[in-house]
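This is what each chain is made of:
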Protein chains: 2
Amino acid sequence: MDVFLDAALDEARQGLAEGGIPIGAVLVLDGRIVGRGHNRRVQRGSAVLHAEMDCLEQAGRLTAADYRRSTLYSTLSPCDMCSGAALLYGIPRIVVGEHRTFRGPEDYLRSHGVELTVVDDARCVGLMRDFIAARPELWHEDIGVD
Amino acid sequence: MDVFLDAALDEARQGLAEGGIPIGAVLVLDGRIVGRGHNRRVQRGSAVLHAEMDCLEQAGRLTAADYRRSTLYSTLSPCDMCSGAALLYGIPRIVVGEHRTFRGPEDYLRSHGVELTVVDDARCVGLMRDFIAARPELWHEDIGVD
């Protein structure tokens with residue numbers, strides 16, 4: 001069990017409790033969580049606050065040196081936008097809860113030197129499976145699909 | 001002269017007047033601006049609100065079909081994060097004011113079918129040249145560089 005993935009999962013569940021899309025993320029620096037967030041599409045009418053983006057926003061303005069020592073945890077494989085954010089800031093490690101529901105540009109991240117690990121956590125899979133069954137239109141909106 | 005690039009430039013100048021990084025963007029749908037924004041790093045302590053992200057956020061929750069008919073204008077070549085946001089939503093056209101100051105993953109966007117045009121607008125170039133000369137540390141922070 002990874003306490004940081006658990007923390008990301010807590011964020012995902014908090015999002016679900018708010019009526020939102022249950023995806024969570026945390027940013028870890030030197031063994032400590034410095035940012036945490038969850039998808040805010042529903043809660044804030046946001047088109048950009050995916051879990052990873054919300055997490056980076058909550059972490060605030062870090063130095064390049066800080067980002068380069070950090071690890072981003074997300075319950076779901078990061079999409080093009082969130083992967084791009086990790087590349088922008090040179091985040092070297094990403095731990096992904098699962099990529100059965102959705103798979104972002106993982107090979108592209110790896111080709112840029114990112115160490116990406118997929119845990120295949122059944123709790124993360126189940127959370128999204130149940131959510132998508134209940135609210136497919138919200139999920140499709142979140143990934144830009146009709 | 002492109003009125004939409006001019007609108008993005010107006011956003012960049014507004015950001016500068018607020019003490020921020022002078023990069024602006026607008027999203028155009030069916031010949032009409034539906035979102036506009038500028039970099040908010042300084043103004044909101046934001047790590048994610050680059051001009052293009054702020055613009056997409058201001059545009060609100062659009063349908064996939066809307067994004068697929070839209071054009072994103074930015075005064076500066078979009079970084080990995082902002083390019084990723086365009087890919088996430090399937091925005092098919094991006095008009096870039098300039099890419100002398102910074103060049104994002106333009107070839108990657110094109111390889112995904114995005115029609116990307118670089119105007120090489122002297123006003124956009126000058127705005128960033130003067131800003132970076134005055135505040136290099138802010139600019140470096142914005143692109144994740146030490």
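What you see is a predicted model, and the numbers here were worked out from it, not measured in a lab. (Residues numbered from 1 in each chain as written. Chains lettered and ligands numbered in written order. Predicted model: local features only at pLDDT ≥ 70, side-chain atom pairs only at ≥ 80, totals over all residues. Heavy atoms only, no water.)

A.B. asks: Whenever I open this one, the overall build of chain A confuses me. Can you help?
C.D. replies: Check the secondary structure of chain A and you find eight helices and five strands. Moving toward the C terminus, one meets the helices and strands of chain A in the order α-β-β-α-α-α-β-α-β-α-β-α-α. A globule of 146 residues ought to have a C-alpha radius of gyration of about 15 Å, and chain A, at 14 Å, matches this closely. In terms of principal-axis extent, the alpha carbons of chain A reach across some 40 × 30 × 25 Å. Counting across all 146 residues of chain A, residues that qualify as buried make up 60%. Pairs at least 24 apart in sequence give 53% of the contacts found in chain A among residues at least 6 apart. Surface exposure of chain A reaches about 5700 Å², of which carbon and sulfur atoms provide 50%. Here chain A holds 16 positive side-chain charges and 22 negative ones, and the gap between their average locations is 4 Å. (Helix = DSSP H or I, 4+ residues; strand = E, 2+ residues; numbered from the N terminus. Rg over C-alpha atoms; globule rule 2.2 N^0.38 Å. Buried < 20%, exposed > 50% of the residue type's maximum accessible area, 1.4 Å probe, protein only. Contact = heavy atoms within 4.5 Å. Areas by Shrake-Rupley, 256 points an atom, 1.4 Å probe, with all protein chains shown as cover. Lys, Arg positive; Asp, Glu negative; His and termini not counted. Charge placed at Lys NZ, Arg CZ, Asp CG, Glu CD.)

A.B. asks: Explanation requested: helix α7 (residues 122–134) of chain B in the structure shown.
C.D. replies: Residues spaced three or four apart along an α-helix point in a common direction, a consequence of the helix completing one turn every 3.6 residues. Here α7 of chain B contains 13 residues, and its C-alpha end-to-end distance of 18 Å stays within 8% of the 18 Å for a straight helix at 1.5 Å per residue. Elements in contact with the buried residues of α7 of chain B: α1 (3–17) and α8 (136–142) of chain B. (Expected span 1.5 Å × (residues − 1).)

A.B. asks: Explanation requested: the relation of the copies chain B and chain A in the structure shown.
C.D. replies: Relating the two copies of this chain is a rotation about some axis coupled with a shift parallel to it. Superposing chain B onto chain A requires a rotation of 180° together with a translation of 0.0 Å along the rotation axis, leaving an RMSD of 0.0 Å. Put plainly, the chains are arranged around a two-fold axis. The residues that chain B uses at the interface reappear at the interface of chain A in 100% of cases, marking a shared surface. (Least-squares fit on C-alpha atoms with pLDDT ≥ 70 in both.)

A.B. asks: Would you mind showing me how to read the environment of Val42 of chain A here?
C.D. replies: By secondary structure assignment, the location of Val42 of chain A is in helix α2 (residues 41–44). Note on Val42 of chain A: relative accessible area 30%, which makes it partly exposed. In the structure, Val42 of chain A is positioned 64 residues away from Glu106 of chain A in sequence and 26 Å away in space, judged by C-alpha atoms. Setting aside anything within four residues of it in sequence, one finds Val42 of chain A in contact with Gly19, Gly20 and Leu138 of chain A together with Arg61 of chain B.

A.B. asks: Just checking my understanding: could you explain the packing of aromatic side chains for this structure?
C.D. replies: The relation between two aromatic rings is expressed through the spacing of the ring centres and the mutual angle of the planes. Under the counting rule described, the total for this entry stands at seven aromatic pairs over all chains. Geometrically, the ring pair formed by Tyr67 of chain A and Tyr89 of chain A is stacked, given 4.1 Å between the ring centres and 15° between the ring planes. One end of the pair, Tyr67 of chain A, is in helix α4 (residues 64–67); the other, Tyr89 of chain A, is in helix α5 (residues 80–89), with 22 residues separating them in the sequence. Comparing Tyr67 of chain A with Tyr89 of chain A shows no difference in burial state: the two are buried. An angle of 85° between the planes, with centres 6.0 Å apart, marks the rings of Phe102 of chain B and Trp139 of chain B as edge-to-face. Linking Phe102 of chain B in the loop between β4 (93–96) and α6 (106–111) with Trp139 of chain B in helix α8, this pair joins segments that are 37 residues apart in sequence. Just as Phe102 of chain B is buried, Trp139 of chain B falls in that class too. (Phe/Tyr/Trp six-rings, centres within 6.5 Å; stacked < 30°, edge-to-face > 60°.)

A.B. asks: Sorry if this is basic, but what is going on with the side chain of Ser83 of chain A here?
C.D. replies: Looking at the secondary structure, you find Ser83 of chain A in helix α5. Those residues in contact with Ser83 of chain A that sit more than four places away from it in its chain are Pro78, Pro105 and Leu109 of chain A.

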